[in-house]
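Read off the chains here:
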Protein chains: 2
Amino acid sequence: MMDTALPVRIVLSHTSHPGNVGAVARAMKNMGLSELHLVNPCEYRDYEAYARASGADDVLNAAVVHPQLHSAISDCGLVFGTSARQRHIPFVPVEPRDCAAQAVQVAKAGNRVAVVFGSERTGLQNEELALCHHLVTIPTSDVYTSLNLAMAVQIIAYEIFLAARGECAAPERDEPLATIDDLERMYVHLSDVLEGTHFRDHSQSGNLMSRVRRIFNRAQLDQRELRILRGMLTALQDKQQA
Amino acid sequence: MMDTALPVRIVLSHTSHPGNVGAVARAMKNMGLSELHLVNPCEYRDYEAYARASGADDVLNAAVVHPQLHSAISDCGLVFGTSARQRHIPFVPVEPRDCAAQAVQVAKAGNRVAVVFGSERTGLQNEELALCHHLVTIPTSDVYTSLNLAMAVQIIAYEIFLAARGECAAPERDEPLATIDDLERMYVHLSDVLEGTHFRDHSQSGNLMSRVRRIFNRAQLDQRELRILRGMLTALQDKQQA
């Protein structure tokens, strides 16, 4: 059934309250999602977690734990990071509805998709956001912008459920998307090529490569496009070494 | 402000968990709602309620308690009852989005509107539903239809917030976007750099540059990002000509 087969993963990074992990499991199961991944979580299998998971203890029991974010999303072709805050980096946040539409379309084309949520207190770290293709922000009142973690998951999961249920146009891209691992290898390759030049990071903050990542994350490269870019980098490298 | 003035009331009937009352207060404040009415609630002003209310203790403190549903909605011009289940009464359930659109329209016309949620275990009683104009049902997976009470309020409040906000312009980026002319100059620059290498177009159709264009068009570069990419190209060119 569509309900369980949709490969959209919920990733919680550095969650500190077991109750939130349980509540997230329930929110997911209500909306037909089952893949829960936890990055360096608190000790979460306690009474509070199972109480809040209620009938979703299967989702909680099947949760996969990772030491850091990278391994939780390395096989994903599309990754959304969530944030309540405005960042000073040029991410254009998408809203949950757009996030869900994209997530479902890309998942239905056979790619793995993840939506990542940071810790209750600090949200996602900038290094974590740098791994994400898009930033998704849930609209809130200006007066009180901080949603409970499980509530945020509930809203995203609800939108994903609606998008999956709804009429969905045929996916427009037939080529599989580049995975996070593919992208990481490309960034290493690009750094190597630039190393051979006098290119310098003139940005005050020294975060030039993170800006470059953001460009390519936003572009959501597919495998063929990745090969083209890698081919260019190889050609440039050959020339430098000639 | 629209945020606080929208007269849409959340009514919880026979709630049994203080934590849920607190979580509802937070969910409401996040979405700009402030009128919380409680019908025959549990003793709710405890540690758990205030912990889950987090920064929304003002909403919790201002909650109005009623002995039965009627007095909580007597001044309302439009009342939605919520239910997860199919009832044997001839209600045609509306979905949260339609509920929100109607609620906001009617509230903006100066009427009071209420959305009523039943107890955690049994939901709204038939006598309570009979007082409501419409039944609203949140779509869920068939596998697990029972949403946590505060989660249900969060979804309805989120839809009300979106409906009240109305059409909203896409989020803006502070840096101006690269123009078509800027992009064209970058593509020429990139071609020049590749010219100096043995990079060849291996695509059958010879449309490699059009694929590259598609990548950067999709990324919607801004001026600063364009300068970074042009800087890299210049550095590569200098190296080639050295």
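Now for a quick tour of the structure. Note that the structure is predicted; figures quoted are calculated from it, not measured.

Regarding its fold elements, chain A presents 11 helices and six strands. When the 242 residues of chain A are sorted by exposure, 61% land in the buried category. In chain A, once contacts between residues fewer than 6 apart in sequence are set aside, the share between residues at least 24 apart is 86%.

Residues and elements named next belong to chain B. Spatially, E3-E2-E1-E5-E4-E6 is the arrangement adopted by the six strands of the open sheet, whose pairing is parallel. Bordering the open sheet on either side are strand E3 (64-66) and strand E6 (134-136), each of which pairs with just one other strand. Along the sheet, successive strands turn relative to each other by an average axial angle of 25°, direction set aside. Sheet strands touched by helix H6 (residues 96-108): strand E1 (8-13), strand E4 (78-82), strand E5 (113-117) and E6. Its angle to E4, the strand with the most contacts, is close to 160°.

Our next topic: empty space enclosed by the protein. Over the atoms, a rolling probe the size of a water molecule traces out where space has been left empty. Throughout the structure, instances matching the rule amount to two cavities of 30 Å³ or more. Roughly 320 Å³ of volume is contained in the largest cavity. Lining the largest cavity we find 19 residues, and of these A:Leu190, A:Phe216, A:Leu233, B:Leu190 and B:Leu233 sit closest to its centre. Those elements that provide at least two residues to the lining of the largest cavity are helix H9 (180-195), helix H10 (208-219) and helix H11 (223-241) of chain A together with helix H9 (180-195) and helix H11 (223-241) of chain B. A class-by-class count of the residues in the lining of the largest cavity yields 19 nonpolar, no polar and no charged.

Glancing now at the sheet that holds strand E2 (residues 35-39) of chain A. Residues and elements named next belong to chain A. Taken together, six strands build an open sheet; the order of strands is E3-E2-E1-E5-E4-E6 and the sheet is parallel. Where the open sheet ends on each side, the last strands, each with one partner, are strand E3 (64-66) and strand E6 (134-136). Averaged over all adjacent pairs, the angle separating strand axes in this sheet is 25°, with direction ignored. Sheet topology note: the strand E4 (residues 78-82)/strand E5 (residues 113-117) ladder contains four bridges and is parallel. Across the sheet, residue Leu-78 finds its bridge partner in E5, namely Val-113. The strands touched by helix H8 (residues 149-165) within the sheet are strand E1 (8-13), E5 and E6, with E5 carrying the most contacts at an inclination of about 155°.

Counting from both sides, the interface comprises 64 residues of chain B and, opposite them, 64 residues of chain A. Each partner contributes to the roughly 5600 Å² buried at the junction of chain B and chain A, and carbon and sulfur atoms together form 65% of this total. Seen at the junction of chain B and chain A, the total is five salt bridges. For B:Arg97, the salt bridge is made with A:Glu159, and the minimal N-O distance between the two is 3.1 Å.

We now examine helix H2 (residues 18-30) of chain B. Residue and element names in this part refer to chain B. With 13 residues, H2 extends 19 Å between its outermost C-alpha atoms, agreeing within 8% with the 18 Å of an ideal straight helix rising 1.5 Å per residue. Judged by how many residues are buried, H2 sits mostly within the fold: 13 of 13 residues are covered. Where H2 terminates, the next one or two residues include Gly-32, which has phi positive at roughly 75°.

Within the largest apolar cluster, 103 residues are counted, with the highest numbers of intra-cluster contacts made by A:Ile10, A:Leu12, A:Leu36, B:Ile10, B:Leu12 and B:Leu36. A total of 14 residues in this core trace back to one element, the largest contributor, which is H8(A). With residues up to four places along the chain from it excluded, the contact list for B:Leu12 reads B:Val21, B:Val24, B:Leu36, B:His37, B:Leu38, B:Val39, B:Phe117, B:Leu149 and B:Val153. Judged by nonpolar contacts, the second largest core, of 42 residues, contains A:Leu190, A:Met232, B:Val193 and B:Ile228.

If you add up the space inside the second largest pocket, you get close to 910 Å³. Taken together, 40 residues line the second largest pocket, and the ones lying closest to its centre are A:Arg26, B:Glu120, B:Leu147, B:Asn148 and B:Leu149. If you list the elements that add at least two residues to the lining of the second largest pocket, you get helix H2 (18-30) and helix H3 (47-53) of chain A together with H2, helix H3 (47-53) and helix H8 (149-165) of chain B. Considering every element that reaches the lining of the second largest pocket, the biggest residue donor is H3(A), with four residues.

Quick look at the packing of H9(B) against helix H10 (residues 208-219) of chain B now. Any two packed helices are characterised by how steeply their axes cross, that is the angle between the axes, and by the distance between the axes. All names here are of chain B. At a closest axis distance of 11 Å, the pairing of H9 and H10 adopts a crossing angle of 135°. Classified by the interaxial angle, the pair formed by H9 and H10 is oblique. Where H9 crosses over H10, the handedness of that crossing is right-handed. In this structure, H9 contributes Leu-183, Glu-184, Met-186, Tyr-187, Leu-190 and Ser-191 to the contact, and H10 contributes Met-209, Val-212, Arg-213, Phe-216 and Asn-217. Across the contact of H9 with H10, the residue classes break down as seven nonpolar, two polar and two charged.

Reading guide: rules and limits
- Residues numbered from 1 in each chain as written.
- Chains lettered and ligands numbered in written order.
- Predicted model: local features only at pLDDT ≥ 70, side-chain atom pairs only at ≥ 80, totals over all residues.
- Heavy atoms only, no water.
- Helix = DSSP H or I, 4+ residues; strand = E, 2+ residues; numbered from the N terminus.
- Buried < 20%, exposed > 50% of the residue type's maximum accessible area, 1.4 Å probe, protein only.
- Contact = heavy atoms within 4.5 Å.
- Pairing = 2+ DSSP bridges.
- Axes fitted to C-alpha atoms, helices over the stretch in contact; angles between N-to-C directions.
- 1 Å grid on protein atoms, 1.4 Å probe; cavity = no way out; pocket = protein on both sides within 12 Å on 5 of 7 lines; lining within 4 Å.
- Points joined across faces, edges and corners; volume = space filled by probe spheres on them.
- Nonpolar A, V, L, I, M, F, W, Y, C, P; charged D, E, K, R; others polar.
- Buried area = accessible area lost by both parts, 1.4 Å probe.
- Salt bridge = Lys/Arg side-chain N within 4 Å of Asp/Glu carboxyl O.
- Expected span 1.5 Å × (residues − 1).
- Core = buried A, V, L, I, M, F, W, Y, C linked by side-chain atoms within 4.5 Å.
- Parallel < 35°, antiparallel > 145°, perpendicular 65-115°, else oblique.
- Left-handed = near helix turned anticlockwise from the far one by under 90°.

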